[in-house]
Every structure is written in C-alpha cells, then in structure tokens.
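What follows is the residue order along each chain.
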Amino acid sequence: MSTQRHRTIIDLHALLIRDGEILLGQRQGTGYADGQWHMPSGHLEDGESALDGLVREVKEEIGVVLQPGALRLVTTMHRGDPAEEARLGLFFEATEWDGEPANLEPHKCAELRWFPLDALPADMVPYPRAAVAAYIAGQPYAEIGW
C-alpha cells in the first residue's frame, strides 16, 4: 500500500433548474465526450473556493451570474476512471441567477438546451446523468467507475 497522500482533481457542476427543467450544453471540439450533453461545469483552480470557482465557470461559459449564497450543494460524486485520474465532482443546484444563459464558448459547446429533469437526453455524459439521478433521489453522495 502506498504511503503517498491521494490527490484528486475537483470538478464543479451547475444544475441550473427552471420550471422542472435543467440547462445542458452539447459538447464539441474538446476531445472529451464531444456530441454529448453536460451541464455547465469546470475545474477548481488553485487558490479559489468551490463556490467562487463555480461562479467563475458559469459566467465564462453561459454569461449568467450566480450568487454563492443561493447555491446549494446537492450531490458529491467520487468518480474513478482507469484512463485518467480520479475526480471529485461537486454538483450545486441553482434556481436563481442574473442574466439569460447564452453560449459564450461556441468552440466548446454546439448548443444550449433546457431538458425536463425526467427526460434527459440519451446522449448525456454518463457521470452527470448519474449525478442528476442522485439529485432527484435526494442522495448527497454517489460513486461511479470504481
């Protein structure tokens, strides 16, 4: 057994919920899950809090402003993948924001679309699909890929 301390990449995900629907973007040109749907997300950068990182990522990707105090952590997912490093995903629910979502990264996102929570697209990235299922079920923790 290794005595080295485990380090994990932290992913931040926004579940923008409006009238029973969730906002998803179709990935393109990234080399990861292109053509599949995913919610606004990104990686935590060194020196920022998870809430600050999510606010930054959402503003960069879709131009809306989230208020950290209005975000609610709904699911934490520990994801294992033999092809890459393990990741910890923090999924935050947002039911209010300033501005109207717009695709500000068309080189990474083909389109934005609202989907009913109970009718997600078949071609959704598997781990955020599992996180939405955990959110609907009220499960604060999930694992995938182990």
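Higher on the page you've got the structure.
Here the structure is a predicted model, which means the values were calculated and not measured.

What counts, and where the lines are drawn
- Residues numbered from 1 in each chain as written.
- Predicted model: local features only at pLDDT ≥ 70, side-chain atom pairs only at ≥ 80, totals over all residues.
- Heavy atoms only, no water.
- Helix = DSSP H or I, 4+ residues; strand = E, 2+ residues; numbered from the N terminus.
- Polar contact = N/O pair within 3.5 Å; in protein donor to acceptor, adjacent residues only side chain to side chain.
- Expected span 1.5 Å × (residues − 1).
- Buried < 20%, exposed > 50% of the residue type's maximum accessible area, 1.4 Å probe, protein only.
- Arc of directions from axis to C-beta.
- Contact = heavy atoms within 4.5 Å.
- Core = buried A, V, L, I, M, F, W, Y, C linked by side-chain atoms within 4.5 Å.

With respect to the element layout, arginine 87 can be found in strand E6 (residues 84–94). A polar atom in the side chain of arginine 87 sits 3.0 Å from the side chain of histidine 43.

Moving on: helix H2 (residues 126–137). Here H2 is 12 residues long and its end C-alpha atoms lie 17 Å apart, about the 16 Å a rise of 1.5 Å per residue gives. Among the residues of H2, those classed as buried are Tyr127, Pro128, Ala131, Val132, Ala134 and Tyr135. Burial along H2 is one-sided: seen end-on, the buried residues are contained in an arc of 160°. Exposed residues lying more than 90 degrees from the buried face of H2 are Pro126, Ile136 and Ala137. Packed against the buried residues of H2 are strand E1 (9–18), strand E2 (21–27), strand E3 (37–38), strand E5 (72–81), E6 and strand E8 (141–144).

Below, the discussion takes up the nonpolar core. Residues Leu15, Ile22, Leu24, Met39, Phe91, Met124 and Val132 are the most contacted members of the largest nonpolar core, which totals 21 residues. At the level of elements, E1, E2, E5 and H2 are the ones that each hand at least two residues to this core. Sequence-distant contacts of valine 132, defined by excluding residues within four places in its chain, comprise Leu15, Ile22, Met39, Leu117, Leu120 and Met124. Among the nonpolar cores identified, the runner-up in size contains 15 residues, and Leu66, Leu71, Leu90 and Ala94 belong to it.

This brings us to helix H1 (residues 50–62). In a regular helix each residue adds 1.5 Å, so 13 residues correspond to 18 Å; H1 covers 18 Å between its end C-alpha atoms and thus fits that length. Listing the buried residues of H1 in full gives Gly53, Leu54, Val55, Arg56, Glu57, Val58, Glu61 and Ile62. Remark: glycine 63 follows H1 within two positions and exhibits a positive phi of approximately 75°.

By themselves these figures say nothing about function.
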